[in-house]
Number of protein chains: 2
Amino acid sequence: MSQKLSRSTIRLTGSPSVVGSAAVGGKKEGEGPLAKYYDILCDDSSLGEQTWEKAESRLQKDAVNKALEKSCLSTTDIDFLFAGDLLNQCISSTYGLRDLEIPFLGVYGACSTMAESLALASLFVDNGIAVHAAAVTSSHFCAAERQFRLPLEYGGQRTPTSQWTATASGAAIVAHSDKGPFIKEISIGKITDMGITDANNMGAAMAPAAYETIKTFLQDTNTSPTDYDLILTGDLGQVGTKLLLELLQKDNIDISGVHNDCGLMIYDMEKQDVHAGGSGCGCSASVLCGYIMQEITAKRLNEVLFVATGALMSPTSVQQGESIPGIAHLIHLSSSK
Amino acid sequence: MSQKLSRSTIRLTGSPSVVGSAAVGGKKEGEGPLAKYYDILCDDSSLGEQTWEKAESRLQKDAVNKALEKSCLSTTDIDFLFAGDLLNQCISSTYGLRDLEIPFLGVYGACSTMAESLALASLFVDNGIAVHAAAVTSSHFCAAERQFRLPLEYGGQRTPTSQWTATASGAAIVAHSDKGPFIKEISIGKITDMGITDANNMGAAMAPAAYETIKTFLQDTNTSPTDYDLILTGDLGQVGTKLLLELLQKDNIDISGVHNDCGLMIYDMEKQDVHAGGSGCGCSASVLCGYIMQEITAKRLNEVLFVATGALMSPTSVQQGESIPGIAHLIHLSSSK
């Protein structure tokens, strides 16, 4: 059963668990500092498929199958599958997962999708709507570049504020269990638009949403940043992280001692030439479902706030001069029930 | 509280209500047989906006605001808003609803979005996660044509199996109430792909999904078609409807006496030149949130199965030679608790 702490923050009194999770990455992710936490690393970014889009679908399928294997479950055990991605009409998810024959609920939260899908899966389990529910998302550098920016062959220069879309996927299976990581609370964000119009500066567009969601959650739970080992934003990168810390400091909330960002963790910021950091649904999904879940399971991390952020624009809306709305959803993960 | 009847069918024991709903339509919808059931009809399909995409955003905003007005509620009363649409990255929803400042959960189910969003809103209310939750979706003929098919200026011929994307939106507010329409059960569909590759024949691509979901629901609830006044599919149109009836008849399930399809109801099939019928998220959403909700409230319809169907393809997936996966989600609405 779930208990409302406020309009948008819910305590999951049954504390459902992530009974299995998996992270899949590409070549660049395999050269980064978190390489050893990935379950599958693909040297060839086509994954043996004929198009980048089919390769991204493959990432999701592999992530779900690996998470099932690690949970000792099969597809027929999963009542509901929540999935979404960045490609037009979420085709990575629908084509990647169609053969699994699991009741399917598509979500769209841009790069916040891992938090949204995991929140819904957790709420379904906590309220007995599902016995097992799964959450998955992905991104692929090549599929995203050609859809959102320029053909890869063009070899365009990237601006200093731009982020590198991860070729990666993360999947998690939620169920009731005595073993963690446990889902304790979730907080659903509002769409926040501060008027940023630079499509090469997603971090700045998403930071205000992360600020709103973190502030709301701390208020609703009457906790402070020091109650957590880690407050982990999705993929704000260098620019967005700086903005987030500044916005919170204006309210006398200092998370600098416990904050990190998936976009700053997934690549070596000195050596891997990713400019302002990593991004894409697969960035925060694979960092969460690989490194973070393993650290919580090993109790090296005990209280983690995962705050995935999304930029809710499209190339069309940007071309029409629109600003970029952001959103952030939060999940409180704990090593103890 | 929700009670699992099977893997994918849930009984909502609290029977939450649709406490307010609204339908918004364009000029062609206002010339159709259901015109009088629309709350707002716009003669100008630009809705005074500068682009078709902004016009579609406006449809959603108007639908939510009208549904709130009819429910005697304001935006601050709504705990969660579920929304999605057909445009790339769901921009009709995110831009249309960003000013409402309601915690937002984006969904993607193509033309099944009304059923998916209403199902999630109903489950949230039934389990006390939300006091009030809202569901909304939309489509716009001009925005959809240029995104999925050809520039409007091209004036391309449409094939006989093609359907006409409705310029419309539907919104519903769910809460506990003594007055109906009540949500009794929901059933979430699986992705179903029978290998249809013709992007101008969505009805055929979606019919197998509707077949699977209806058959599963009748089995799970141990009911038969005659227990319902109306089994209403989303937008299968003429081609998909014929296929659905045939598929069910092979299993000795005859729904022909109680079946209708939103795509066949929204326009005058003789006079309005829409070929195989209406389609688009806004088609089933506006038929449900206008005509159907009013008929259930007036108890002229008492037991209705709303089965919205979606084709989970994109122009890219079709160009890459992929078949078109379909999905269908079902909601059982009743005039009595």
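Placed above this text is the structure.
Here we summarise the structure given alongside this text. (Residues numbered from 1 in each chain as written. Chains lettered and ligands numbered in written order. Predicted model: local features only at pLDDT ≥ 70, side-chain atom pairs only at ≥ 80, totals over all residues. Heavy atoms only, no water.)

Remarks on the overall build of chain A
In step 1: Scanning chain A from terminus to terminus reveals 10 helices and 15 strands.
In step 2: Radius of gyration (C-alpha) of chain A: 18 Å, near the 20 Å computed for a compact globule of 337 residues.
In step 3: Expressed along its principal axes, the backbone C-alpha trace of chain A runs to roughly 50 × 50 × 35 Å.
In step 4: Within chain A, the fraction of its 337 residues that count as buried is 67%. (Helix = DSSP H or I, 4+ residues; strand = E, 2+ residues; numbered from the N terminus. Rg over C-alpha atoms; globule rule 2.2 N^0.38 Å. Buried < 20%, exposed > 50% of the residue type's maximum accessible area, 1.4 Å probe, protein only.)

A closer look at the interface of chain B and chain A
In step 1: At the junction of the two partners, chain B supplies 63 residues and chain A supplies 63 residues.
In step 2: Across the interface of chain B and chain A, roughly 5,100 Å² is buried in total on both sides, 59% from carbon and sulfur atoms.
In step 3: Summed over the three residues of chain B that lose the most area to chain A, namely R7(B), Q89(B) and R98(B), the buried surface amounts to 15% of that side.
In step 4: Put simply, chain B and chain A have 8 salt bridges between them.
In step 5: Residues R98(A) and E322(B) are paired through a salt bridge, measuring 2.8 Å at the closest nitrogen-oxygen approach.
In step 6: Linking chain B with chain A are 38 residue pairs in polar contact (both at pLDDT 80 or more). (Contact = heavy atoms within 4.5 Å. Buried area = accessible area lost by both parts, 1.4 Å probe. Salt bridge = Lys/Arg side-chain N within 4 Å of Asp/Glu carboxyl O. Polar contact = N/O pair within 3.5 Å; in protein donor to acceptor, adjacent residues only side chain to side chain.)

A word on the nonpolar core
In step 1: By size, the foremost hydrophobic cluster in this structure holds 127 residues, and its most contacted members are L244(A) and L244(B).
In step 2: Ignoring anything within four residues of it in the chain, the contact list for L244(B) reads A207(B), A210(B), Y211(B), I214(B), T233(B), L236(B), I255(B) and H259(B).
In step 3: Core analysis: the second largest hydrophobic core is formed by 112 residues, A115(A), C142(A), M265(A) and M293(A) among them. (Core = buried A, V, L, I, M, F, W, Y, C linked by side-chain atoms within 4.5 Å.)

Some points on the packing of helix α6 (residues 202–221) of chain A against helix α7 (residues 237–250) of chain A
All names here are of chain A.
In step 1: Put simply, α6 and α7 touch, their axes get as near as 8 Å, and they point 35° apart. Our pair here, α6 against α7, has a crossing hand that is right-handed. For the pair α6 and α7, the contacting residues are G203, A204, A207, P208, A210, Y211, I214 and K215 in the first and V239, G240, L243, L244, L247 and L248 in the second.
In step 2: Among the residues forming the contact of α6 with α7, the class breakdown is 11 nonpolar, 2 polar and 1 charged. (Axes fitted to C-alpha atoms, helices over the stretch in contact; angles between N-to-C directions. Left-handed = near helix turned anticlockwise from the far one by under 90°. Nonpolar A, V, L, I, M, F, W, Y, C, P; charged D, E, K, R; others polar.)

Some remarks on the packing of aromatic side chains
All names here are of chain A.
In step 1: Taken as a whole, this structure holds 10 aromatic pairs over all chains when the rule is applied.
In step 2: Between F217 and Y228 the ring centres are 6.3 Å apart and the planes differ by 55°, which places this aromatic pair in the tilted class. One end of the pair, F217, is in helix α6; the other, Y228, is in the loop between α6 and β11 (230–233), and 11 residues separate them in sequence. Like Y228, F217 is buried. (Phe/Tyr/Trp six-rings, centres within 6.5 Å; stacked < 30°, edge-to-face > 60°.)

Quick look at the relation of the copies chain B and chain A
In step 1: You can overlay chain B on chain A at an RMSD of 0.0 Å; the transform is a turn of 180° with a shift of 0.0 Å along its axis. Both copies of the chain, as the preceding transformation shows, are related through a two-fold rotation axis. Looking at the rotation axis and the C-alpha trace of chain B, the residue lying nearest is V107(B), at 1.9 Å.
In step 2: Looking at the interface residues of chain B, 100% of them are also at the interface in chain A, so both copies use one shared face. (Least-squares fit on C-alpha atoms with pLDDT ≥ 70 in both.)

Let's talk about the pattern of salt bridges
In step 1: By the definition in use, this model includes 32 salt bridges over all chains.
In step 2: K54(B) is the salt-bridge partner of E322(A), the closest N and O atoms lying 3.1 Å from each other. On the criterion of chain membership, the pair formed by E322(A) in the loop between α10 (315–319) and β15 (326–334) and K54(B) in helix α2 (residues 52–71) is interchain, its members lying in two chains. K54(B) shares its class with E322(A); the two are buried.
In step 3: By sharing partners, the salt bridges in this structure join K54(A), R98(A), D193(B) and E322(B) into a single network.

Thoughts on the environment of S317(B)
In step 1: By secondary structure assignment, the location of S317(B) is in helix α10 (residues 315–319).
In step 2: Apart from the residues lying within four places of it in its own chain, the contact partners of S317(B) are I91(A), Y95(A) and E322(B).

Some remarks on the pairing of strand β14 (residues 303–311) of chain A
In the case of a regular strand, side chains alternate between the two sheet surfaces.
Residue and element names in this part refer to chain A.
In step 1: Taken across its 9 residues, β14 has 8 buried, putting it largely inside the fold.
In step 2: For β11 and β14, the ladder comprises 4 bridges, and the chain directions are parallel. Within β14, the residue paired with L232 across the bridge is F306.
In step 3: For β14 and β15, the ladder comprises 9 bridges, and the chain directions are antiparallel. Paired with T309 across the two strands is A328, which belongs to β15. (Pairing = 2+ DSSP bridges.)

Topic: helix α2 (residues 52–71) of chain A
In step 1: An ideal rise of 1.5 Å per residue puts 28 Å on 20 residues; α2(A) measures up with 29 Å between its terminal C-alpha atoms.
In step 2: Looking at the residues trailing α2(A), positive phi occurs at C72(A), about 55°. (Expected span 1.5 Å × (residues − 1).)

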